[in-house]
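Coordinate analysis (summary)
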Amino acid sequence: MGTETQQWKVGTVTITSVVEEESWGIPPQFFFPAAGAAGVQRHDWVVPDFADASGNVALRIQALVVETAGRRVLVDPCVGNGKPRSFPFWNEQSWPFMDRFTAAGFDPVDIDVVVHTHLHADHVGWDTRLEAGRWVPTFTGARHLYTQREVDALRGPGGSPDDDAVYADSVAPIFDAGLADIVSEDADLGGGLRLEASTGHTPGHVSVWIESGEDVGLITGDFIHHPVQCAEPGWAEIGDADVDEARVTRKRMLARAAETGALVIGTHFPNRPAGRVVVDGAGAWRFEAAT
Ligand SMILES: [Zn+2]
Ligand SMILES: [Zn+2]
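The structure contained in this document is the topic of the report that follows. (Residues numbered from 1 in each chain as written. Chains lettered and ligands numbered in written order. Predicted model: local features only at pLDDT ≥ 70, side-chain atom pairs only at ≥ 80, totals over all residues. Heavy atoms only, no water.)

Quick word on the coordination of the zinc ion (ligand 2)
Here the zinc ion (ligand 2) is held by the protein donor atoms Asp122 (OD), His123 (NE2), Asp222 (OD) and His268 (NE2), which lie 2.1 to 2.2 Å from it. Coordination geometry of the zinc ion (ligand 2): the four donor atoms subtend angles of 89 to 162 degrees at the metal centre, consistent with an arrangement described as irregular. When the donor residues of the zinc ion (ligand 2) are listed from N- to C-terminus, their spacing reads D-H-x98-D-x45-H. In this structure, the zinc ion (ligand 2) is positioned 3.4 Å from the zinc ion (ligand 1), and both are ligated by Asp222. Highlighted residues: Asp122 in the loop between β5 (113-115) and β6 (128-131) and Asp222 in the loop between β13 (215-219) and α5 (228-231), separated in sequence by 100 residues. The exposure class of Asp122 is buried, given its relative accessible area of 6%. (Donors = N, O, S within 2.8 Å, 3.2 Å for Na, K, Ca; no water. Tetrahedral: all angles 85-135°; square planar, octahedral: opposite > 155°, others 65-115°. Helix = DSSP H or I, 4+ residues; strand = E, 2+ residues; numbered from the N terminus. Buried < 20%, exposed > 50% of the residue type's maximum accessible area, 1.4 Å probe, protein only.)

Thoughts on the pairing of strand β3 (residues 57-68)
Buried residues dominate β3, accounting for eleven of its twelve residues. Taken together, the ten bridges between strand β2 (residues 13-26) and β3 define a ladder with antiparallel strand orientation. Bridge pairing in β3 links Thr14 to Glu67. Alignment of β3 against strand β4 (residues 71-75), held across five bridges, turns out to be antiparallel. (Pairing = 2+ DSSP bridges.)

Notes on the coordination of the zinc ion (ligand 1)
Note on the zinc ion (ligand 1): its protein donors are His118 (NE2), His120 (ND1), His201 (NE2) and Asp222 (OD). The metal-donor distances range over 2.1 to 2.3 Å. Taken together, the four donor atoms surrounding the zinc ion (ligand 1) define angles of 87 to 174 degrees at the centre, an arrangement classified as irregular. Within one chain, the residues serving as donors to the zinc ion (ligand 1) are arranged as H-x1-H-x80-H-x20-D. With a relative accessible area of 2%, His201 lands in the buried category.

Below is the structure:
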């Protein structure tokens, strides 16, 4: 389940999910070292949309197209095809993502802006495609937005094992083509879109707020990976660069999401990734998927 195109509204803004991959039956400790199947099973509301009855979780990789004020803004274009990656599930892939993107009614040349919540391999992949042995931009009419701290982290020591490859095949070609802009971590992108720094998972991570009339939406990026972290915000994810900062950020963003009643779209949430974060005890929340 979970690869069909889905669409939501926040006021007059339309958000469309184009799915690259959704994986089920993942032992939770694979991504959340403090978790186990029993820990997931304590939160029975995660079944069946986000986990199975045996406590294994599901995760999705998706890009979101936000249509607002006559512009199409693409958030986090997934892993991509044909890219050498150390993570076997992402290595040299051949997903039908662009077919799904086209079937959803989009043309790569019509994307005006590409937003990256951060520069992990699963958030920049479709920015480039291989043409005659060279990585060239896919969204040739788009400004591609980056935060300075995120670019610095990608280029600096530490980080993920694929950082150099990601820079070479997915980021440098965009800068070389003159399609890149460095923006502040609280940039107002217009059309009701606004960035907020949500650091910890990576040093320059941002999330995207959507405001339209009275309605509010939030695209998380990777400050949270799975709905069960609403109930277990202390569970770190294996990719969190600064575990303590990521925990503080996760709690702050979840509290804010609950206060605002935002339609939260979890970037890696499976199956029904849009919904509301509601308070469920002290320092804990639950995720109620939108129908
Ligand atoms: Zn990440
Ligand atoms: Zn990710």
